[in-house]
Amino acid sequence: MSLPISFEFFPPKTPEGADKLRATRQLLYAQKPEFCSVTFGAGGSTQDGTFGTVKEILDEGVDAACHFSCVGATKATVRAQLATLRAMNVKRLVALRGDLPSGYGIGGEFHYASDLVAFIRAETGDAFRIEVAAYPEVHPQAKSAEADLQAFATKVKAGANSAITQYFFNTDAYFRFVDDAAALGVDLAIVPGIMPITSSTQLMRFSDACGAEIPRWIRLRLQGYGDDIQSIKAFGLDVVTDLCDQLCRAGVPGIHFYTMNQSAATLEICKRLGL
Ligand code: FAD
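Residues numbered from 1 in each chain as written. Predicted model: local features only at pLDDT ≥ 70, side-chain atom pairs only at ≥ 80, totals over all residues. Heavy atoms only, no water.

**Student:** Provide a residue-level description of the overall build of the protein chain, including the pertinent values.
**Tutor:** Counting its regular elements, the protein chain contains ten helices and nine strands. Referenced to the eigenvectors of the C-alpha coordinate spread, the extents of the protein chain come out at roughly 50 × 45 × 40 Å. Counting the 275 residues in the protein chain, one finds 48% classified as buried. Partitioning the intrachain contacts of the protein chain with sequence separation of at least 6 by distance along the chain shows that 79% fall at a separation of at least 24. Accessible surface for the protein chain amounts to roughly 12,900 Å². Of this, 51% is attributable to carbon and sulfur atoms. Across the protein chain, the mean location of the 26 positive side-chain charges is 2 Å away from that of the 30 negative side-chain charges. (Helix = DSSP H or I, 4+ residues; strand = E, 2+ residues; numbered from the N terminus. Buried < 20%, exposed > 50% of the residue type's maximum accessible area, 1.4 Å probe, protein only. Contact = heavy atoms within 4.5 Å. Areas by Shrake-Rupley, 256 points an atom, 1.4 Å probe, with all protein chains shown as cover. Lys, Arg positive; Asp, Glu negative; His and termini not counted. Charge placed at Lys NZ, Arg CZ, Asp CG, Glu CD.)

**Student:** Explain the pattern of salt bridges residue by residue, including any values.
**Tutor:** As enumerated under the stated definition, the model contains 17 salt bridges in all. Note that E56 and R25 form a salt bridge whose closest N and O atoms lie 2.7 Å from each other. Of this pair, E56 sits in helix α2 (residues 47-59) while R25 sits in helix α1 (residues 15-29), and the two are 31 residues apart along the sequence. R25 sits in the buried class, given a relative accessible area of 1%. (Salt bridge = Lys/Arg side-chain N within 4 Å of Asp/Glu carboxyl O.)

**Student:** Please provide a residue-by-residue account of the site of the ligand, values included.
**Tutor:** Inspection of the region around the ligand gives 22 residues, with F40, R97, D99, Y135 and D148 positioned closest. The contact in question runs from an oxygen atom of the ligand to an N or O atom on the side chain of H139, over 2.7 Å. Contact with the protein chains removes 83% of the 980 Å² of surface that the ligand exposes when unbound. When contributions to the shell around the ligand are tallied by element, the ones reaching two or more residues are α5 (145-157) and β6 (162-165). Top contributing element to the shell around the ligand by residue count: α5, with three residues. (Near = heavy atom within 4 Å. Polar contact = N/O pair within 3.5 Å; in protein donor to acceptor, adjacent residues only side chain to side chain.)

**Student:** Go over the side chain of S200, please, and point to the residues and values.
**Tutor:** Examined against the element boundaries, S200 turns out to sit in helix α7 (residues 200-210). Judged by relative accessible area, S200 falls into the buried class, the value being 12%. Beyond its immediate chain neighbours, meaning those up to four positions away, S200 contacts L222 and I232.

**Student:** Tell me about the pairing of strand β9 (residues 255-258), residues and numbers included.
**Tutor:** Put simply, side chains in a regular strand alternate between the two faces of the sheet. What you see with β9 is no split at all: I255 and F257 on one side and H256 and Y258 on the other are buried throughout. The pairing of strand β1 (residues 5-9) with β9 spans four bridges and is parallel. Its bridge partner lying in β9, E8 is registered against Y258. (Pairing = 2+ DSSP bridges.)

**Student:** Quick rundown of unusual backbone geometry? Include the residues and the values.
**Tutor:** Unlike most non-glycine residues, K32 shows phi in positive territory, near 50°. Counting through the fold element by element, K32 comes out in the loop between α1 and β2 (35-38). A relative accessible area of 68% places K32 in the exposed class. A positive phi angle is found at M260, which is not glycine, with a value near 55°. Topologically, M260 is positioned in the loop between β9 and α10 (264-273).

**Student:** Requested: an account of the environment of A87, with residues and values cited.
**Tutor:** In this fold, A87 is placed in helix α3 (residues 75-87). In sequence terms A87 and S207 are 120 residues apart; their C-alpha atoms lie 36 Å from each other.

**Student:** Provide a residue-level description of the packing of aromatic side chains, including the pertinent values.
**Tutor:** Inspection of every chain in the model, using the stated rule, returns eleven aromatic pairs. On the numbers, 5.7 Å between centres and 55° between planes, the contact of Y225 with F235 is tilted. Of this pair, Y225 sits in helix α8 (residues 216-225) while F235 is found in helix α9 (residues 229-249), placing the two residues ten residues apart along the sequence. (Phe/Tyr/Trp six-rings, centres within 6.5 Å; stacked < 30°, edge-to-face > 60°.)

Below, the structure written as structure tokens:
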């Protein structure tokens, strides 16, 4: 099966982590990703690591997307960062609001990702392909599902080229979201974000924070495995491969893997899908 796939990484914090990520990338490149993306700590906290990892990916001959969050930023800092990225020959951005760690004031000159998308287009025209985030199960801070969908449409109409979703395990939520967005005139590619399951505690922690629902049956099965990592991984591979299989059969425009800087689970899922 031929389908555009992309891989997401976070910037490593140590030289050992950077070496490990280089090895992970080489294994994943065998899947010929359309691009690899690198996350960006809100408030610019990981800027050097993010930009450095993006540069390495480009130097390895693979297209790279730089995540870019605007919460707490000023127009002047964003302008300077965009200039740096252009000088690096970066052509893709994932434009986000981001979340400031608790304790930081809000401040800044951007309120929402739509402000950032509009600013990037006004400042740089079509220099970047812009991806934005989508939330089939509703962003946790949204006033309502309807308001969130409207906010998504506004963000897209500000100049996005395509979207990547928060991860989910309910395909119904994704298909409904795509249909509802289309009804608002949003007809860009909404690529499902897929989180391989490799650890029960990590998945529960992330999901609680980002509002992704873990269906009761999956939660209970994971809890039942306790510390039995092998069973968690085997179950996770079955569940996530089935999820991707349903999405692929329905004709999704691509798949974006949240790799967590690991290759094994993502590679096995690709292999089982015949990607
Ligand atoms: P927005 O689209 O601005 O939405 C944020 C909230 O504001 C939503 O509740 C929305 O309904 C509401 N809203 C939007 N516009 C309006 C409006 N005009 N009026 C009222 N309400 C409005 N975080 C990072 O820090 N670094 C990353 O690298 C990163 N990468 C991500 C990649 C993907 C694919 C995804 C799905 C998420 C990523 N995140 C990342 C997390 C993201 O930053 C958070 O989910 C954040 O809370 C929202 O960012 P956003 O760009 O979706 O915000």
